[in-house]
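This is what each chain is made of:
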Amino acid sequence: MVMDSADYRHLMYEASFGFVYNKLVYDDRGEVEDFQILDVNRALEELTGFKKEEILGKKVRNVFPGAGLAELNDLCIFDEVASTGIKREYELYSRILKRWLRVEILRPQEGYLCSFVFDITKEKVIAETSRYFIEQKIGQTDYYRLTSTLLEITGARFVMLNMVKSCQRETEMVASCGALGLFQKAAKTFGFDIHKMNWLEERGLVADLLEKGIICFSAMEKFDVSGMDVKEADASGEVPLLGEVALAGIVRDDRLLGFFTIVMPEKEQLKSNTLVDIFRRQAGLILERNRAENQLRHQSRLQEILMKIASTYINVPLGEMEDTIRQSLLELAAFARADRVYIFEYDWNRQFGRNTHEWCAAGIPPQIDQLQRVPFELLMPLIEVHKNGKPLDIPDVSALPDGSFLRDHLMAQEIKSLITFPMIKENKCVGFVGFESVSQYYRYTEKEKSLLKLFAEMLANMHKRFELEKQLVIEKEKAQAANKTKSEFLANMSHELRTPLNGIIGFTDLLEATPMNQIQKMYLENVSISANVLMGIINDILDFSRIEAGRMELHPFRTDVVELVEQTMAIMEYQAAQKGLRIFYEIQPDFPRHAVVDPVRLKQVLMNLMNNAVKFTEEGDVELTAGFEAIDSKNGKLFFHVRDTGIGITEEQRSKLFQAFSQVDSSISRRFGGTGLGLIISSQLVDQMGGSLGMESTFGVGSTFFFWIPAPCDVEGASIHERPGKMPEPEE
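Every chain's residues receive numbers from 1 upward, in the order its sequence appears when written. Only residues with pLDDT of at least 70 get local features here, since the model is predicted, and only at 80 or more are side-chain atom pairs given and counted; chain-wide, interface and lining totals rely on the full set of residues. Side-chain metrics in this entry use all non-hydrogen atoms of the structure; hydrogen atoms and water are not considered.

So, the pattern of salt bridges
So, point 1. For this document, the term salt bridge refers to a Lys or Arg side-chain nitrogen within 4 Å of an Asp or Glu carboxyl oxygen. Within the structure shown, the criterion is met by 20 salt bridges.
So, point 2. R102 is the partner of E104 in a salt bridge, and the nearest nitrogen-oxygen pair spans 2.8 Å.
So, point 3. Looking at R102, the relative accessible area reads 21%, which means it is partly exposed.
So, point 4. Here R582 makes a salt bridge to D621, at a shortest N to O gap of 3.9 Å. Of this pair, R582 sits in strand β18 (residues 582-587) while D621 sits in strand β20 (residues 621-630), placing them 39 residues apart in sequence.
So, point 5. For R582, a relative accessible area of 33% translates into the label partly exposed.
So, point 6. Taken together, the shared-partner salt bridges connect K87, E89, R102 and E104 into one network. For each residue, the accessible area found with a 1.4 Å probe, counting protein chains only, is set against the maximum for its type, and the residue is called buried under 20%, exposed over 50%, and partly exposed in between. The way it works is that DSSP assigns letters per residue, a run of H or I at least four long becomes a helix, a run of E at least two long becomes a strand, and they are numbered from the N terminus.

Below is the structure:
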């Protein structure tokens, strides 16, 4: 290569890529330690910022202290080319030049190297940006990467990304890259707020962004609202020196989603308009896709909350209704981004509304106490809308007509946005649920409105259920009071009913002792039987009434329970013999002789169970077993089992077994007679004595009724030693 050729020098000097001609500098060991710059072209001057006359003859490490032309910390590549003469090519990023470079190295002659330096920063950024947009996943927008990539594409001093909030009144800075402090100082000096949407609207920039996509202007031209003169600003030194400012709008479906603010260095203009235009449109695709995905997730979560609230409202007990409503208001407020949520009820008879429930975010003052009797004339703007079943949606309270009551009332509470949904019950508006935004403006989507409307419908249904259940409670209390009055009446009438009946039975017994013919004796015997049956029925009804009225009292005392069992069996012996049944009783060896019980009521329970066993058994046997379980030295449990081989009970019939005035089969009352009160009286007496009554039965095989009661007794030495009792078998 002949380096002094004028044509070649001119060609290299005019090239668009950088050119460096170096002489290798060796150390004492013969290894390359640096490069002496012999020649550079104009493109390299522009790339590095150094003039040719400043660096010719100098070593690279002296021109770039601590590094080579492109941080060539590994000199083996250059040494390899110098020693072998084989051309090498590679890419690297220069932290000093802040650029991507592609370098080609060749050896024109021994001890010399030619380097061709290509600036591939833009290609790299385009490739990186393309890769970023291709790899971008839904819901994972990296806002900082967007701004930093745009900073590299444009060479700006500062890039900021603002997203338009749902209220479309404010913007939110979500990311920035570069000299943020410089831009904030400029904004403060110029007198505008970068977070407010109105600074764009006041300067007519929103329409330009929607139409053009990118608009460029000087900072003083569009930003300054302080009235500062340009010369005055320059002289003051308070205004940071900025170059051209570009706004790149992120637009989808004629809506401004956000915008990039690109601030160029002093006296520089934006040169990458095409790349920025592609970038903002691709960013719009990603942001819109992610916005839709986030909104879908938000709505799905809102649906989940409403489903949870609906299931809770269906099952919530009446006494927990208030707490449940407050909890649902809290959960919905979080997802509706509301600062205050409340329920208002309309009283159409008295023509006023009142706030019944309210939830407020931290720092938001409650209003429920001041809104208890609000006259309808003050609520007419809401009522007129609500009575037609429509929501009242006010995204911007300040936009309401000046002087209107609604505007003044809402502004006094510093409410920015409001939406209310009517509660409709049986085609009539009974109130509304309201969502208020105080800390920020908020515009609800149509999907959010439809979901929140469902909540209002749930509240209306729950209001109806609440009234129905409340009325049922009142009616139940009335019925219980009436039933108790009836029971008290019957209990009070016990003496009046029994006295004449006892007279009939007594005089019948006396009459039987007088001379009568056979027909008269038969008639009198039937009268006596009927009177005793009637006495039993009346006793059952009166006992049941006393229990229902809470007037049944127990009178426990020390009783010979063994004798009580034997007396019961002696009474039942005659009835069993009449039907040809075998009847047994067994008293276990550890059963105490004496216990503190109410003998009358214990005997009544045993008689009821034994009487049922004999009544419902056609053939076979009936057996009573008495057992004992000690609790301590002075107390124990008395157990009784009554087994029969009667008709038995099906699973379906058991539900009626302990219901008053019912029998398991309507035909039973005709076949066997009775009031159906025996078991329910026995069960309630056992409960009153502190015990429990149960049963086991197999249809067609027989039944066993059993119960236990606690009783103080002499446990030690109290067991009987007689053999189990056994009633004689009836004669065939």
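After presenting the structure, the write-up continues.
A short note on the sheet that holds strand β6 (residues 158-164)
So, point 1. In space, the five strands of this open sheet follow the order β7-β6-β10-β9-β8, with antiparallel pairing throughout. Strand pairing shows two members of the sheet lacking a second neighbour, β7 (171-178) and β8 (214-218), which therefore form its edges. If you compare each strand with its neighbour and ignore which way they point, the axes differ by 20 degrees on average.
So, point 2. Should DSSP find at least two bridges between two strands, the strands are regarded as paired. Taken together, the eight bridges between strand β9 (residues 244-252) and strand β10 (residues 255-263) define a ladder with antiparallel strand orientation. If you follow A248 over to β10, its bridge partner there is F260.
So, point 3. Seen against the sheet, helix α10 (residues 205-212) touches β8, β9 and β10 and runs at an angle of roughly 65 degrees to β9. To get an axis, fit a line to the C-alpha atoms, keeping to the stretch in contact for a helix; angles then go from 0 to 180 degrees between the N-to-C directions. Whether two residues are in contact is decided by their heavy atoms: any pair within 4.5 Å suffices.

A look at the confidence of the model for the chain
So, point 1. pLDDT expresses, on a scale from 0 to 100, how confident the predictor is about each individual residue. Averaged over every residue, the pLDDT of the chain is 78; the share at 70 or more is 80%.
So, point 2. Low confidence marks residues 66-70, where pLDDT is under 50. Its contacts with residues over four positions away, or in another chain, come to 15 contacts.
So, point 3. Contacts for the low-pLDDT stretch residues 717-732, under 50 throughout, to residues beyond four places or in other chains number 32 contacts.

Section: the packing of helix α20 (residues 561-579) against helix α21 (residues 599-615)
So, point 1. With their axes 10 Å apart at the nearest point, α20 and α21 run at an angle of 20 degrees to one another. Comparing their axes, α21 and α20 come out roughly parallel. Regarding α20 and α21, the two cross each other, and that crossing is right-handed. In contact with L564, Q567, T568, M569, I571, M572, Q575, A576 and K579 of α20, α21 contributes P599, L602, K603, L606, M607, M610, N611, V614 and K615.
So, point 2. Residues are grouped as follows: nonpolar covers Ala, Val, Leu, Ile, Met, Phe, Trp, Tyr, Cys and Pro; charged covers Asp, Glu, Lys and Arg; every other residue, Gly included, is treated as polar. Here the contact of α20 with α21 is built from residues that sort into eleven nonpolar, four polar and three charged. These descriptions rest on fixed angle ranges, namely under 35 degrees for roughly parallel, over 145 for roughly antiparallel, 65 to 115 for roughly perpendicular, and the rest for oblique. Handedness of a crossing is defined here by the sense of rotation of the near helix relative to the far one, left-handed for an anticlockwise turn of less than a right angle and right-handed for a clockwise turn.

As for the packing of aromatic side chains
So, point 1. Pairing of aromatic side chains requires ring centres within 6.5 Å, counting the rings of Phe and Tyr and the six-membered ring of Trp. Pairs whose planes differ by under 30 degrees are stacked, by over 60 edge-to-face, and all others tilted. One pass over the structure, following the stated rule, counts 16 aromatic pairs.
So, point 2. The interplanar angle of 45 degrees and the centroid separation of 5.5 Å between the aromatic rings of F19 and F116 together place this pair among those described as tilted. Taken together, the residues span a long stretch of sequence, with F19 in strand β1 (residues 18-26) and F116 in strand β5 (residues 112-119) at a distance of 97 residues.
So, point 3. A residue is classified by how much of its surface remains accessible, and F19, at 1% relative accessible area, is buried.
So, point 4. An angle of 5 degrees between the planes, with centres 5.6 Å apart, marks the rings of Y21 and Y112 as stacked. You can see Y21 sitting in strand β1 and its partner Y112 sitting in strand β5, a full 91 residues away along the chain.

Some points on unusual backbone geometry
Backbone geometry follows two general trends: most residues other than glycine have a negative phi, and most peptide bonds adopt the trans configuration.
So, point 1. Even without a glycine there, the phi angle at Q351 is positive, about 60 degrees.
So, point 2. Relative to the helices and strands, Q351 resides in the loop between β11 (340-347) and β12 (352-360).
So, point 3. Judged by relative accessible area, which is 41%, Q351 ranks as partly exposed.

Notes on helix α5 (residues 76-84)
So, point 1. Looking only at α5, the buried set comprises I77, F78, V81 and A82. Buried positions in α5, seen along its axis, are confined to an arc of 135 degrees and lie on one side of it.
So, point 2. In this structure, the buried side of α5 is in contact with β1, β2 (32-40), β3 (88-94), β4 (99-106) and β5.
So, point 3. With its phi angle positive at about 80 degrees, G85 sits one or two positions after the end of α5. Throughout, the arc means the angular range of directions from the helix axis out to the C-beta atoms.

Points about the side chain of N22
So, point 1. Relative to the helices and strands, N22 resides in strand β1.
So, point 2. The residues contacting N22, other than those within four sequence positions of it, are F35, Q36, I37, L38, G111, Y112, L113 and S115.

So, the environment of L330
So, point 1. For L330, the position within the fold is in helix α14 (residues 321-336).
So, point 2. Once the C-alpha coordinates of L330 and E358 are considered, the two residues, 28 residues apart in sequence, prove to be 9.1 Å apart.

Examining a nonpolar patch on the surface
So, point 1. On the surface, a nonpolar cluster with roughly 320 Å² of combined accessible area is contributed by I529, V533, L534 and I537.
So, point 2. The class of I537 is partly exposed, set by a relative accessible area of 32%. A patch consists of residues whose relative accessible area exceeds 30% and which take part in no salt bridge; residues with like charges are grouped when within 9 Å of each other, and nonpolar side chains (Val, Leu, Ile, Met, Phe, Trp, Tyr) when within 5 Å. With residues, only the protein chains shown are counted as cover, and all accessible areas are computed by Shrake-Rupley using a 1.4 Å probe.

Considering the nonpolar core
So, point 1. What makes a nonpolar core is a set of buried Ala, Val, Leu, Ile, Met, Phe, Trp, Tyr and Cys residues whose side-chain atoms join them at distances within 4.5 Å. Counting 47 residues, the largest nonpolar core has F591, L624, L638, F640 and F707 as its most contacted members.
So, point 2. If you look at the next biggest cluster of nonpolar residues, it comprises 29 residues, including A333, I343, L452 and L459.

Observations regarding the sheet that holds strand β21 (residues 635-644)
Strand-to-strand pairing in sheets goes through backbone hydrogen bonds, with the strands running parallel or antiparallel.
So, point 1. Strand order in the open sheet made by the five strands is β18-β20-β21-β23-β22, with mixed pairing throughout. For this open sheet the edge positions go to β18 and β22 (692-698), each flanked by a neighbour on one side alone. Adjacent strand axes in the sheet meet at a mean angle of 15 degrees, parallel and antiparallel pairs treated alike.
So, point 2. Judged from the seven bridges that link them, β22 and strand β23 (residues 702-712) form a sheet pairing that is antiparallel. Bridge pairing in β23 links E696 to T704.
So, point 3. Its contacts with the sheet place α20 against β18, β20 and β21, and it is angled at close to 175 degrees to β18.
So, point 4. On the sheet, helix α23 (residues 678-688) packs against β22 and β23 and is oriented at approximately 140 degrees with respect to β22.

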